[in-house]
Amino acid sequence: MSDTEETIVHYASGNVRESMFAALRAAGHDPARLQAEDTNEADHLHLGGKHTTVWIADTLALDDGARLLDVGSGMGGPARYFAGRGATVTGVDVTAEFVDLATELNRACGLDGAVTMLNRPGQDTGLPEGSFDAALMLHVGMNIADKAPVFAEVFRLLRPGGVFGVYDLMGTNELTFPMPWSITRECSHVESETAYRGYLEGAGFDVQRSMEHRDEVLARAALMLQQGGAPLSGALILGEDVVLRRQHSIEAVRDRQVTPTLLISRKPE
């Protein structure tokens, strides 16, 4: 099974839309008319959640009107957040169920003119060369066995001087499973920061900054665990063992087996 097939099997449940809409209604929202913040943490599927999305946005400081590519865009939470800050966003994801739901949520939030979702793999998007000012990949690398072609495609799609922010858990894959991104070690593709740097530099990028987000993630860990199976949280797709998965991931960060790391690279002018 390819890593793309692994990802689809892991995340696609067939009822994500129904679960999201039920949770929104339970929170007092009309799924047809939303504000981007109404989905809470349910569509920010990375350690630190929406708080980390905001931190990444502040760190990258993209200009208003920037053309942004979101690789592995999921249900579109980060894409909608960046669009709310003035970016025009294109998201690509291999899970059609996510793409369809994200498109519907974009429309409900009045952002369908600013965010486009495509059911395509990160290594073969079919998008025009040099068509983006910046790109993001948020907690996607752990599901990608062969990262080099993805980074090469992002390099192709960025204009000269374009920035690429990769936020992943970097470290060892000798972890306690299940994890949020994988049930088994065989389907998990965690790698070291050194490996990521090699892939980025091999694609042609200049790696400019490495920023650990460990302390901030651990500071919010108690809140995340307290949320547990809250309707508008990661429980929407992580299933009944969401608390166990989150505990394992936080323990791995605490024990320095993996570190939430933002690597910022740039395509040379």
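Everything numeric in this text was worked out from a predicted model, so none of it was measured.

Undergrad: I'm lost on the sheet that holds strand β2 (residues 88-92) in this one. Help?
TA: The pairing of strands in a sheet comes from backbone hydrogen bonds and takes either a parallel or an antiparallel form. Read from one edge of the open sheet, 7 strands run β3-β2-β1-β4-β5-β7-β6, paired in mixed fashion. Looking along the sheet, the strands with just one partner apiece sit at the ends: β3 (115-118) and β6 (206-212). Between one strand and the next, the sheet's axes are offset by a mean angle of 15°, whatever the strand orientation. Here 4 bridges tie β2 to β3, and the two strands are oriented parallel to one another. Paired with Thr-90 across the strands is Thr-116, a residue of β3.

Undergrad: For this particular structure, what's the right way to read the side chain of Ser-188?
TA: For Ser-188, the position within the fold is in the loop between β5 (158-171) and α7 (193-203). A polar atom in the side chain of Ser-188 sits 2.6 Å from the side chain of Asn-173. A polar atom in the side chain of Ser-188 sits 2.8 Å from the side chain of Trp-181. With residues near it in sequence (within four places) discarded, Ser-188 still touches Met-142, Asn-173, Phe-177, Trp-181 and Ser-182.

Undergrad: For this particular structure, what's the right way to read the pattern of salt bridges?
TA: Oppositely charged side chains may form a pair once their charged atoms are brought near each other. Following the criterion strictly, the structure yields 12 salt bridges and no others. A salt bridge links Arg-17 to Glu-104, with the nearest nitrogen and oxygen atoms 2.8 Å apart. Of this pair, Arg-17 sits in helix α2 (residues 16-26) while Glu-104 sits in helix α5 (residues 96-108), and the two are 87 residues apart along the sequence. We classify Arg-17 as partly exposed; its relative accessible area is 36%. Between Asp-241 and Arg-245 there is a salt bridge, with its nearest N and O atoms 3.0 Å apart. Judged by its relative accessible area of 27%, Asp-241 is partly exposed. Connected through salt bridges with shared partners, the residues Arg-67, Asp-133 and Arg-159 form a single ionic network.

Undergrad: When you look at α7 in this model, what are you seeing that I'm missing?
TA: Three- or four-residue spacings in an α-helix give side chains the same orientation, since the helix completes a turn every 3.6 residues. Every buried residue belonging to α7 is among Ala-195, Tyr-196, Leu-200 and Ala-203, and all of these are buried. The buried residues of α7 occupy an angular sector of 135° when projected down its axis, which confines them to one face. Residues of α7 that are exposed and angled more than 90 degrees away from the buried face: Thr-194 and Gly-202. Elements that come into contact with the buried residues of α7 comprise α6 (148-157), β5, β6 and β7 (258-266). Taken from the residues just after α7, Gly-204 is the one with a positive phi, measuring 115°.

Undergrad: How should the packing of aromatic side chains be read in this particular structure?
TA: Given two aromatic rings, one states the distance between the centres and the angle between the planes to describe the pair. Summed over the entire model, instances satisfying the criterion amount to 6 aromatic pairs. Judged by centre distance (6.3 Å) and plane angle (90°), the ring pair of Tyr-81 and Phe-82 falls under edge-to-face. Exposure remark for Phe-82: the relative accessible area of 4% places this residue in the buried category. Ring centres of Phe-151 and Tyr-196 lie 6.3 Å apart, and the angle between their planes is 45°; this geometry places the pair in the tilted category. Taken together, the residues span a long stretch of sequence, with Phe-151 in helix α6 and Tyr-196 in helix α7 at a distance of 45 residues. For the pair Phe-151 and Tyr-196, a shared accessibility class is recorded, and that class is buried. Members of the aromatic cluster, each reached through a chain of ring pairs, are Phe-151, Phe-155, Phe-164, Tyr-196 and Phe-205. Cation over ring: Lys-267 sits above Phe-155, and NZ or CZ is 4.7 Å from the ring centre.

Calculation notes
By convention here, each chain's residues receive numbers from 1 onward along its written sequence. Local features in this predicted model are restricted to residues whose pLDDT is 70 or higher, and side-chain atom pairs enter the listing and the counts only when it is 80 or higher, whereas totals over whole chains, interfaces and linings include all residues. No hydrogens and no water enter the side-chain calculation; it runs on all heavy atoms of the structure. For two strands to be treated as a pair, DSSP must find no fewer than two bridges joining them. Numbering goes from the N terminus for both helices and strands, where a helix is a DSSP run of H or I of at least four residues and a strand is a run of E of at least two. For helices, the fitted line uses only the C-alpha atoms of the stretch in contact; every axis is such a line through C-alpha atoms, and the angle between N-to-C directions lies from 0 to 180 degrees. Nitrogen and oxygen atoms within 3.5 Å of one another constitute a polar contact, given that in protein one can donate a hydrogen and the other can accept it, and given that sequence-neighbouring residues count only through two side-chain atoms. Only heavy atoms matter for contacts: two residues are in contact if any of them lie within 4.5 Å across the pair. Take a side-chain nitrogen of Lys or Arg and a carboxyl oxygen of Asp or Glu: if they are within 4 Å of each other, that pair is a salt bridge. Throughout, exposure labels follow a simple rule: accessible area from a 1.4 Å probe, protein chains only, divided by the maximum for the residue type, with under 20% read as buried, over 50% as exposed, and the rest as partly exposed. The directions from the helix axis to the C-beta atoms are what the arc is built from. Between the rings of Phe, Tyr and Trp (Trp by its six-membered ring), a pair exists once the centres lie within 6.5 Å; its type follows the angle of the planes, with under 30 degrees stacked, over 60 edge-to-face, and the other angles tilted. We call a charge positioned above a ring when the Lys NZ or Arg CZ atom is no farther than 6 Å from the ring centre and deviates by at most 35 degrees from the ring normal.

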